[in-house]
Amino acid sequence: MDDALKAVIMQRIEKTMENLRKNNMEAYYVENRAGVADKVRELLHKGDLVGNGGSQTLKETGVMALLQSGDYDYLDRDRPGMTPEEKDDLFRRTFFCDAYLTSSNAITENGELYNVDGHSNRIAAMIFGPKSVIVVAGYNKIVRNLSEAAERVKRLAAPANCQRLHCETYCLHTGQCRSLEEPGSDFSAGCRSAGRVCCNFAIQAQQRQKGRIKVILVGEELGY
């Protein structure tokens, strides 16, 4: 990466980290994806009960491989042969985890996490339940404010996740949310399809439980 561009990106990262800490969240910086798994390992303890949300970022950074290493009591949401009932039970068990790992759809420079889900087990666990929540995100997830966060989901994160999950939605075929074509529509507006992935919206700002949420920002573009 060009040094001038890297300097600008680092300014945004540092501002975001400062405000995350003001909001009682821990914030860490890792230069590239190769160092992410080691940082996550520092924040876990052997034998911890751990779970995770669906995340391309965790796969790209080697965190999924770390969770599957045998050092942890891992609730594997992708275990082959699981019935819908077994998966639903696993999602409920994650509320009792020692640590829950995920990414974030967007992180504002004001130190807020913005996430949108369909099934919504991920945002539920991020808000309450697991003792520790570890968020891994590339610098491409940083936005100026909540308005940009909402637009990022509608233009990029939701369409990409619908492609990944094969959800039959409007954005699957058009590459953006239907609401963007409707002037004046609310941030929560969208299609009415059964496969819609933007059903519930969560903004995490000031945290009462200091340090429960730990955010690892990476100096690379990662995930959606």
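None of the values given here were measured: they were computed from a predicted structure.

About the cut-offs
Residues numbered from 1 in each chain as written. Predicted model: local features only at pLDDT ≥ 70, side-chain atom pairs only at ≥ 80, totals over all residues. Heavy atoms only, no water. Helix = DSSP H or I, 4+ residues; strand = E, 2+ residues; numbered from the N terminus. Rg over C-alpha atoms; globule rule 2.2 N^0.38 Å. Buried < 20%, exposed > 50% of the residue type's maximum accessible area, 1.4 Å probe, protein only. Contact = heavy atoms within 4.5 Å. Lys, Arg positive; Asp, Glu negative; His and termini not counted. Charge placed at Lys NZ, Arg CZ, Asp CG, Glu CD. 1 Å grid on protein atoms, 1.4 Å probe; cavity = no way out; pocket = protein on both sides within 12 Å on 5 of 7 lines; lining within 4 Å. Points joined across faces, edges and corners; volume = space filled by probe spheres on them. Polar contact = N/O pair within 3.5 Å; in protein donor to acceptor, adjacent residues only side chain to side chain. Expected span 1.5 Å × (residues − 1). Arc of directions from axis to C-beta. Nonpolar A, V, L, I, M, F, W, Y, C, P; charged D, E, K, R; others polar.

J.: Teacher, can you tell me more about the overall build of the protein chain here?
T.: A tally of regular secondary structure across the protein chain gives eight helices and ten strands. Taken over C-alpha atoms, the radius of gyration comes to 17 Å for the protein chain, in line with the 17 Å a tight globule of 224 residues would show. Considering only C-alpha atoms, the protein chain reaches an extent of 50 × 50 × 35 Å along its principal axes. Looking at the protein chain as a whole, 50% of its 224 residues qualify as buried. Restricting the contact set of the protein chain to residue pairs at least 6 apart, pairs at least 24 apart contribute 74%. One way to put it: in the protein chain the 30 positive side-chain charges average out to a point 3 Å from where the 30 negative ones average out.

J.: Explain the layout of surface pockets to me, please; I cannot follow it from the model alone.
T.: Where empty space is left in the structure can be found by rolling a water-sized probe over the atoms. Considered as a void within the structure, the largest pocket measures approximately 860 Å³ in volume. Along its surface, the largest pocket is lined by 41 residues, and Gly 54, Arg 77, Asp 117, Arg 164 and Leu 165 are the ones closest to its centre. Listed by contribution, the elements that provide at least two residues to the lining of the largest pocket are α3 (56-60), α5 (84-93), β6 (113-117), α6 (121-127) and α7 (146-165). Of the residues forming the lining of the largest pocket, the biggest block, six residues, is contributed by α7.

J.: Looking at this structure, how should I read unusual backbone geometry?
T.: A negative phi angle is the norm for most residues apart from glycine, just as the trans form is the norm for most peptide bonds. Even without a glycine there, the phi angle at Asn 24 is positive, about 70°. The phi angle at His 166 is positive, at roughly 60°, despite the residue not being glycine. Along the chain, His 166 falls in the loop between α7 and α8 (170-174). His 166 sits in the exposed class, given a relative accessible area of 68%.

J.: Explain the side chain of Asn 161 here, please?
T.: One can find Asn 161 in helix α7. A polar contact of 2.8 Å, which involves the side chain of Asn 161, links it to the side chain of Arg 164.

J.: Would you explain helix α1 (residues 3-22) in this entry?
T.: In an α-helix, one turn spans 3.6 residues; hence positions three or four apart end up facing the same way. Taking 1.5 Å per residue, 20 residues should reach 28 Å; α1 reaches 28 Å between its end C-alpha atoms and fits that length. Regarding α1, the residues found buried are Ile 9, Met 10, Ile 13, Thr 16, Met 17, Asn 19 and Leu 20. Among the residues of α1, the N-terminal cap falls to Asp 2, whose side-chain oxygen and the backbone nitrogen of Ala 4 are separated by 2.9 Å. Looking one or two residues past α1, Asn 24 carries a phi angle of roughly 70°, positive in sign.

J.: I tried to follow helix α2 (residues 36-43) on my own but got confused; where do I start?
T.: Listing the buried residues of α2 in full gives Val 36, Ala 37, Lys 39, Val 40 and Leu 43. Down the axis of α2, the buried side of the element spans an arc of 160°, and every buried residue falls inside it. Those residues of α2 that are buried are in contact with β1 (26-30), α4 (63-67), β4 (99-102), β7 (132-138) and β10 (213-218).

J.: Help me out: how do you make sense of empty space enclosed by the protein in this one?
T.: The tally for this structure, following the rule as stated, stands at two cavities of 30 Å³ or more. Considering only enclosed or pocket space, the largest cavity measures out at about 130 Å³ in volume. Around the largest cavity, the lining is made up of 18 residues, and of these Lys 154, Ala 158, Cys 171, Cys 177 and Cys 198 lie nearest the centre. Secondary structure elements with two or more residues in the lining of the largest cavity: β6, α7 and α8. Counting residues per element, the lining of the largest cavity draws most heavily on α7, at five residues. Class assignment for the residues of the lining of the largest cavity results in 14 nonpolar, one polar and three charged. A volume near 30 Å³ is recorded for the second largest cavity. Tallied by class, the residues present in the lining of the second largest cavity amount to three nonpolar, three polar and one charged.

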